[in-house]
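# Structural description and commentary
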Amino acid sequence: MWFRQDLRVKDNPALIKAAKQSKVLPVYIYDTSVPQNAVLGGASKWWLHHALVALQESLDGNLLVLSGDPQEILLSLCTQHNISSVHWNRMYEPWAIARDTAIKKALKASECDALSTNGSLLWEPMQVLKKDETPYKVFTPYYKNGCLNAPDPRYPQRKPPLSFMDDMDEVKGYQGVDSLALLPRVNWDLHMQEMWNVSEQGAQCKLEYFIKQAIEEYNDDRNVPSVAGTSQLSPYFHFGLISPNQAWYAVHDAFNGSRENKGVYVYLSELGWREFSYYLLFHFNDIQNRNFNTKFDNFPWVQDKEGLRAWQQGKTGVPIVDAGMRELYQTGYMHNRVRMIVASYLVKNLLIDWREGERWFWDCLLDADSASNSAGWQWVAGSGADASPYFRIFNPILQGEKFDKEGAYVKKYCPELSKLGKKFLHKPWEASEQELLSANIVLGKDYPKPIVDLKKSRVRALDAYKTIK
DNA sequence: TGCCTGTTAAC
DNA sequence: TTAACAGGC
């Protein structure tokens, strides 16, 4: 059993098949031959480390952890140990598909069977097509007509009874989780240790809590970054510590199959957006590097290293943007509403190519995921499938005032602003000298002056858009 | 899950 | 002065 982004023992279809067939040798291979843009970022590595430790425990210490080229490793394991078949759950990143296809071929050539299964999507991208057999490009018909009318997704399955291959310790090249050196050398992960229980049980706890406490208010509360109104399951989904099927059916079972509650409906449709991202990645495969809408290939992005740096460090002078970017850097996570705000700011107010934002998120997010990350950025930039129209430009002041009314979120991550009253918290540059003084703030010193004028940069963005219209 | 601007109407 | 609304980007 080759584990990849399915680091769980419950509802793991490939593991079930492997266990049914014979004794199992569970393997995780840290792939050292992935393309540059698929090398894991620091936050992802941290998550992976803990996820592997937890999986190791669930498998009673029988998980073989190696690093190197998966093809070489699998082939040599098969010959050395007389293994008759290799099982895995599919990945959908184009490079992973290419890799897995080659491995399948190589295994079969050396008389080892290779079997892949869908373990991470509710609906296989191949099986949801329009009547003309081409893929959907718009979310609503994809979800409503395509997915909801397709056969129901697999109901989650239990952990199978497992018996493992013997003489594990004898396996040549066994390295162990620590040898992958996934943890950071400096201690920037203290916050994360406290925030996340990185395990299958951790995922189930989050899910249960969310269904009991938050899902019915999800439609409103999910927009307020100071409230725990979202499921916070995204990092668990990425490495497969939970399957979408487990979430989908836990919600349906809790509400007797009804999707009438608005929060329930909207949450499930968010799982649908996750599916849609993978669907686009599968059918149009280069969405990580290329504009889905090729008009944007001529978009006049600006080269602005200083602006990019200020954005990355949370020093743009716009409180809600800075708070979000600091949350990301400190915790490996960012609230979804704030992700949209900071992304809109980078792409529209700073006019920086969405790929720069995509890269930064990839490095910093615990839930970094090619499909969701690319689709999300292209959605904001306006270049994606069924994207937000380019003229829809967030005003970060209004967004702050609307969704962080009391300023709790901004104050948490920009403590230097904590004495500033509500009136100017989201626009400190408009506060009078007096007001700033009594809040102990010198603009440009304690907190940055805005690096761009919001009105002017908005007009500049609209002008830029006209050039490719 | 957009925001701005101009118009109208009520006070 | 303000709210509500429509149209445009």
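Residues numbered from 1 in each chain as written. Chains lettered and ligands numbered in written order. Predicted model: local features only at pLDDT ≥ 70, side-chain atom pairs only at ≥ 80, totals over all residues. Heavy atoms only, no water.

Core analysis: the biggest nonpolar cluster contains 129 residues, and Leu7, Trp47, Tyr267 and Trp311 have the highest contact counts within it. Of all the elements, helix α11 (residues 262-284) adds the most residues to this core, at 10 residues. Aside from chain neighbours lying at most four places away, what touches tryptophan 47 is Trp196, Val198, Pro235, Tyr236, Phe239, Leu241 and Leu366. By size, the runner-up hydrophobic cluster in this structure holds 18 residues, among which are Cys78, Ile83, Val86 and Trp88. (Core = buried A, V, L, I, M, F, W, Y, C linked by side-chain atoms within 4.5 Å. Buried < 20%, exposed > 50% of the residue type's maximum accessible area, 1.4 Å probe, protein only. Helix = DSSP H or I, 4+ residues; strand = E, 2+ residues; numbered from the N terminus. Contact = heavy atoms within 4.5 Å.)

Close to DNA strand B lie 14 residues; Arg222, Arg337, Trp379, Arg392 and Ile393 are nearest. Each atom of DNA strand B within 4 Å of the protein was classed as base or backbone; sugar and phosphate made up 67%. A distance of 3.0 Å is found between a base nitrogen of DNA strand B and a backbone nitrogen or oxygen belonging to phenylalanine 391. Take lysine 402: an N or O atom from its side chain is 3.2 Å from a phosphate oxygen of DNA strand B. Per-element accounting of the surface near DNA strand B gives the leading share, 4 residues, to helix α17 (residues 396-403). For the surface near DNA strand B, a count of residues per class yields 6 nonpolar, 2 polar and 6 charged. (Near = heavy atom within 4 Å. Polar contact = N/O pair within 3.5 Å; in protein donor to acceptor, adjacent residues only side chain to side chain. Nonpolar A, V, L, I, M, F, W, Y, C, P; charged D, E, K, R; others polar.)

Time to look at the sheet that holds strand β3 (residues 64-68). Judged by pairing direction, the sheet is parallel, and its 3 strands sit side by side in the order β1-β2-β3 without closing on themselves. Both outer strands of the open sheet, β1 (2-3) and β3, are each paired with one neighbouring strand and no more. By the bridge criterion, 5 bridges tie strand β2 (residues 27-31) to β3 in an arrangement that is parallel. Within β3, the residue paired with tyrosine 28 across the bridge is valine 65. Against the sheet, helix α2 (residues 42-58) makes contact with β1, β2 and β3, and its axis sits at roughly 165° relative to β2, the strand it touches most. (Pairing = 2+ DSSP bridges. Axes fitted to C-alpha atoms, helices over the stretch in contact; angles between N-to-C directions.)

Turning to the pattern of salt bridges, a few remarks are in order. Summed over the entire model, instances satisfying the criterion amount to 15 salt bridges. Linking arginine 290 and aspartate 286 is a salt bridge whose minimum nitrogen-to-oxygen distance equals 4.0 Å. Among the salt bridges present, the one from aspartate 463 reaches lysine 466, with a minimum N-O distance of 3.4 Å. Of this pair, aspartate 463 and lysine 466 are both found in helix α21 (residues 454-466), 3 residues apart, which corresponds to roughly one turn of the helix. One connected set of salt bridges, linked through shared partners, spans Arg4, Asp31, Arg99 and Asp100. (Salt bridge = Lys/Arg side-chain N within 4 Å of Asp/Glu carboxyl O.)

The calculated volume of the largest pocket comes to roughly 1,200 Å³. For the largest pocket, the lining is made up of 37 residues, of which Glu270, Trp273, Asn336, Arg339 and Ser372 are closest to its centre. Those elements that provide at least two residues to the lining of the largest pocket are α9 (234-238), α11, α14 (336-349) and α16 (370-381). Residue composition of the lining of the largest pocket, grouped by class: 18 nonpolar, 12 polar and 7 charged. (1 Å grid on protein atoms, 1.4 Å probe; cavity = no way out; pocket = protein on both sides within 12 Å on 5 of 7 lines; lining within 4 Å. Points joined across faces, edges and corners; volume = space filled by probe spheres on them.)

Moving on: the UniProt feature "domain: Photolyase/cryptochrome alpha/beta" (unreviewed entry) in chain A. Mapped onto the present numbering, the UniProt feature "domain: Photolyase/cryptochrome alpha/beta" (unreviewed entry) falls at residues 1-122. Helix makes up 44% of residues 1-122 and strand 18%. Its end C-alpha atoms lie 21 Å apart. (UniProt positions renumbered as here; feature names shortened; annotations may be inferred.)

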